[in-house]
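Structural overview for review
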2 protein chains.
Amino acid sequence: MGPIVECVPNFSEGRRRDVIEAIVEPFRRRRGCALLDYRADADHNRLVVSLAGAPEPIQEALLEAAKTAIAQIDLNHHQGAHPRIGAVDVIPFVPLRNMSMEECTALAHAFGKRYHEETGVPVYFYEEAALRPERRRLETVRKGQYEGLKEAVSDPERHPDVGPPRLHPTAGATVIGARKILVAFNVNLGTSDVRIAKEIAKAVRASSGGLCHVKGIGLALEDRGLVQVSLNVTDYEKNALYRITELVRMEAKRWGVPVVETEIYGMVPAAALLDSAAYYLQIADFSPDQVIELKMLEMLGSEAE
Amino acid sequence: MGPIVECVPNFSEGRRRDVIEAIVEPFRRRRGCALLDYRADADHNRLVVSLAGAPEPIQEALLEAAKTAIAQIDLNHHQGAHPRIGAVDVIPFVPLRNMSMEECTALAHAFGKRYHEETGVPVYFYEEAALRPERRRLETVRKGQYEGLKEAVSDPERHPDVGPPRLHPTAGATVIGARKILVAFNVNLGTSDVRIAKEIAKAVRASSGGLCHVKGIGLALEDRGLVQVSLNVTDYEKNALYRITELVRMEAKRWGVPVVETEIYGMVPAAALLDSAAYYLQIADFSPDQVIELKMLEMLGSEAE
């Protein structure tokens, strides 16, 4: 099986149904590009698409979808709760199978160059694909949003990585990058005391000294009378879900509070769950090749080449 | 995504490499038929193939492979440790996704009819596809093996389900059926006292009153100084792996013996492990559609149609 990449492009359109469907259409149609999920949010005025497949069909479909978005979205008349600098705002590539982060970064760079050539939209590279250290963080690249960046782009500090130092007149700029997959994982606790969730979030997240690849906050689920430790796992291989769950459980015991349930929000790679199954079931020498569906995917994937 | 079937055909050839490769060739080549695994055993003089895919390509590839096996294998000159009545000995179909057991049984019956028409080899139906209750058990169908059945086939009790009451002169007969997937699951315990493994096997297996879809024995792993509860799970949806593991662990506590590790032997469906991950991680409202690879498989599968 060849390399498989995941891609989660974000478009600045969450309201006009016809435009949303027109943007998504190439992802449905293109052979070898699997449209895993797409969700538009009217408040954010934003469309988030999840794709997976071989790099070639993914890139072809992205270019087609981007051209539709650029033709249909005018950022001068765009309002929404979510920060953005472009009609096609962010395109992160994620190495899924048979692909290193270096290869994924090279893919982001090559795609960014071609994207600019075909659309005229300037490109910034972020996260693993960043060419300037401060651009690793998306927040830095998007500072001031479309409206602010229109002026700021002439400052050498804010020059695009690909293209001239000015924004596209209606489509702004696009941020393209490579990153690891992110798993959104929440742990709900049997108490209504939100301080406990906040304390536990502090104990497990990287920013306050916990696990290096976990971000998190504590919040109240008021309707349910529970609290939630809401987590983003930025490297599920290094910070396994079972380890996070058991760490939260251990901390919660300090207050005699039980783990009521957990939630996986959105997509998750099979390995993140198989790894936890193998831990709890104590499976020795387990290989993903033993899982019928993963083996089938490999077989069907190699046929498609 | 259309129906996906698993199939584990057994051929009576485990020694001649060229014949083995010629039998397997159509499974490699046929688009939509994934060759998950194949292993030949010289002592058993037998080839076991694992396939998965849509019913159509699987059947086409099976017929092609069967014709090669029938042309190349003469049971009158075949010896091996494993019981057999045919050059193509057994073909079980297993419903994997989007397929009921009734549909799988219908598939076995339709395939059996066509198989006989195209090869002249008589067919017996077994397990869920059995047309006579006593033929549910493979042992009953195969009683006396090729040599014994040559005579016995004329007895109305032993008449084939499809075809005249005589064996193919070199290729014997073939047993075709439908059954649930089987998971081979072993639990290794930290003791050298094999009586403990035997007691625990008794406690968990159906034949002595345990879980209804578990078969099992206790045996010694002498090289390692451990004992093993060796299990076959014939319905992993009704008897989940986590429940079996925790039941064995609970029984082992009676003697202060720990579970050292477990083993999954051969292929396992993703759901059997995801189910255990969801149990231990306490994931609420988990859907397999959230698993990137399963969703991709569904997408690629529907493309192939």
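Data block above holds the structure.
Our subject in this report is the structure included herewith.

Analysis parameters
Residues numbered from 1 in each chain as written. Chains lettered and ligands numbered in written order. Predicted model: local features only at pLDDT ≥ 70, side-chain atom pairs only at ≥ 80, totals over all residues. Heavy atoms only, no water. Helix = DSSP H or I, 4+ residues; strand = E, 2+ residues; numbered from the N terminus. Expected span 1.5 Å × (residues − 1). Buried < 20%, exposed > 50% of the residue type's maximum accessible area, 1.4 Å probe, protein only. Arc of directions from axis to C-beta. Axes fitted to C-alpha atoms, helices over the stretch in contact; angles between N-to-C directions. Parallel < 35°, antiparallel > 145°, perpendicular 65-115°, else oblique. Left-handed = near helix turned anticlockwise from the far one by under 90°. Contact = heavy atoms within 4.5 Å. Nonpolar A, V, L, I, M, F, W, Y, C, P; charged D, E, K, R; others polar. Salt bridge = Lys/Arg side-chain N within 4 Å of Asp/Glu carboxyl O. Least-squares fit on C-alpha atoms with pLDDT ≥ 70 in both. Pairing = 2+ DSSP bridges. 1 Å grid on protein atoms, 1.4 Å probe; cavity = no way out; pocket = protein on both sides within 12 Å on 5 of 7 lines; lining within 4 Å. Points joined across faces, edges and corners; volume = space filled by probe spheres on them. Lys, Arg positive; Asp, Glu negative; His and termini not counted.

Moving on, we get to helix H8 (residues 270–281) of chain A. Residues and elements named next belong to chain A. With twelve residues, H8 extends 16 Å between its outermost C-alpha atoms, agreeing within 8% with the 16 Å of an ideal straight helix rising 1.5 Å per residue. Taken across its twelve residues, H8 has nine buried, putting it largely inside the fold. Taken together, the buried positions of H8 are occupied by Ala-270, Ala-272, Leu-273, Leu-274, Ser-276, Ala-277, Ala-278, Tyr-280 and Leu-281. Looking one or two places after H8, you find Gln-282, whose phi comes out positive at around 60°.

Right, let's talk about helix H7 (residues 241–253) of chain B for a bit. All names here are of chain B. Helix length check: H7 (13 residues) gives 18 Å between terminal C-alpha atoms against 18 Å at 1.5 Å per residue, within 8%. Buried within H7 we find Leu-241, Tyr-242, Ile-244, Thr-245, Val-248 and Ala-252. Down the axis of H7, the smallest arc covering the buried residues is 165°, so these residues share one side.

The next thing to look at is the packing of helix H6 (residues 194–204) of chain B against H7 of chain B. Residue and element names in this part refer to chain B. The contact between H6 and H7 brings their axes to 10 Å, and the two run at 135°. As the angle between them shows, H6 and H7 are arranged oblique. Here H6 runs over H7; the crossing is right-handed. Here Ile-200, Ala-203 and Val-204 of H6 lie close against H7, whose contacting residues are Leu-247, Val-248, Glu-251 and Ala-252. Along the lines of polarity and charge, the residues of the contact of H6 with H7 split into six nonpolar, no polar and one charged.

Further remarks concern the interface of chain A and chain B. On the side of chain B, 50 residues touch chain A, which itself brings 50 residues to the contact. In this structure, the connection of chain A to chain B is made through zero salt bridges. For the side of chain A that touches chain B, the secondary structure elements donating two or more residues are strand S1 (4–7), strand S3 (33–41), strand S4 (46–53), helix H7 (241–253), strand S11 (259–265), H8 and helix H9 (292–303) of chain A. When residues of the side of chain A that touches chain B are assigned to their parent elements, the largest contribution, nine residues, is made by H9 of chain A.

Residues and elements named next belong to chain A. Along the chain, the position of Val-183 falls in strand S8 (residues 183–189). In this structure, the C-alpha to C-alpha distance between Val-183 and Pro-133, residues 50 residues apart in sequence, is 24 Å. Residue contacts for Val-183: discarding those within four places in its chain leaves Leu-231, Asn-232, Val-233, Tyr-236, Leu-241, Val-268 and Pro-269.

A rotation about an axis combined with a shift along that same axis relates the two copies of the chain. Overlaying chain A on chain B yields an RMSD of 0.2 Å, the required transformation being a rotation through 180° with an accompanying axial translation of 0.0 Å. In short, the pair behaves as if placed about a two-fold rotation axis. Using C-alpha coordinates, one finds that chain A approaches the rotation axis most closely at Ala-277 of chain A, a distance of 2.2 Å. Interface residue correspondence from chain A to chain B reaches 100%, placing this contact among same-surface, isologous pairings.

Residues and elements named next belong to chain A. With antiparallel pairing, four strands are arranged side by side in an open sheet as S9-S10-S8-S11. Single-partner strands in this sheet number two, and they are strand S9 (214–221) and S11. Within this sheet the neighbouring strands show an average axis-to-axis angle of 20°, counted without direction. Pairing geometry for S8 and S11, over six bridges, is antiparallel. By the bridge assignment, Phe-185 is partnered in S11 with Ile-264.

This part covers the sheet that holds strand S9 (residues 214–221) of chain B. Residues and elements named next belong to chain B. One open sheet accounts for four strands, arranged S9-S10-S8-S11; its pairing is antiparallel. Because the sheet does not close on itself, it has two edges, and the strands there are S9 and strand S11 (259–265). Ignoring strand direction, the axes of neighbouring strands in this sheet form an average angle of 20°. Seen against the sheet, H6 touches strand S8 (183–189), S9 and strand S10 (226–233) and runs at an angle of roughly 175° to S9.

Moving on: the side chain of Gln-290 of chain B. Along the chain, Gln-290 of chain B falls in the loop between helix H8 (270–281) and helix H9 (292–303). Aside from chain neighbours lying at most four places away, what touches Gln-290 of chain B is Ile-264, Tyr-265, Gly-266, Met-267 and Val-268 of chain A together with Asp-285 of chain B.

This part takes up the pattern of salt bridges. All names here are of chain A. Under the counting rule described, the total for this entry stands at 48 salt bridges over all chains. Between Glu-139 and Arg-137 there is a salt bridge, and its shortest N-O distance comes to 3.5 Å. Because the salt bridges share partners, they merge into one network encompassing Glu-25, Arg-29, Arg-30 and Glu-64.

We now examine the packing of helix H1 (residues 17–29) of chain B against helix H2 (residues 55–72) of chain B. Residue and element names in this part refer to chain B. Orientation of H1 relative to H2, taken along the N-to-C sense of each, is 170°, at an axis distance of 8 Å. Relative to H2, the element H1 lies roughly antiparallel. Of the residues in H2, those touching H1 at Val-19, Ala-22, Ile-23, Pro-26, Phe-27 and Arg-29 are Ala-61, Leu-62, Glu-64, Ala-65, Thr-68, Ala-69 and Gln-72. Taken together, the residues of the contact of H1 with H2 break down into nine nonpolar, two polar and two charged.

Summed over the entire model, instances satisfying the criterion amount to two cavities of 30 Å³ or more. In this model, the second largest cavity occupies a volume close to 40 Å³. Ala-270, Leu-274, Val-291 and Leu-294 of chain A together with Ala-270, Leu-274, Val-291 and Leu-294 of chain B are the residues that line the second largest cavity. Looking at the lining of the second largest cavity, the elements with two or more residues in it are H8 of chain A together with H8 of chain B.

Take the side chain of Arg-158 of chain B next. All names here are of chain B. The topology assignment puts Arg-158 in the loop between helix H5 (145–152) and strand S7 (174–178). Within the buried set, Arg-158 has no salt-bridge partner at all; the shortest N-O distance to an opposite charge, 6.7 Å, is to Asp-155. For Arg-158, the contacting residues outside a window of four places in its chain are Tyr-124, Arg-135, Thr-140, Val-141, Arg-142, Lys-143, Leu-149, Ala-152 and Val-153.

Before going further, it helps to examine the pairing of S1 of chain A. Residues and elements named next belong to chain A. By the alternation rule, side chains of S1 split into Ile-4 and Glu-6 and Val-5 and Cys-7, which are all buried. Across four bridges, S1 lies against strand S5 (residues 88–97) in antiparallel orientation. Across the sheet, residue Cys-7 finds its bridge partner in S5, namely Phe-93. In this structure, S1 lies alongside S4, joined through three bridges in antiparallel fashion. Its bridge partner being in S4, Val-5 is matched across the sheet by Gly-53.

Purely spatial values, then, with no claim about function.
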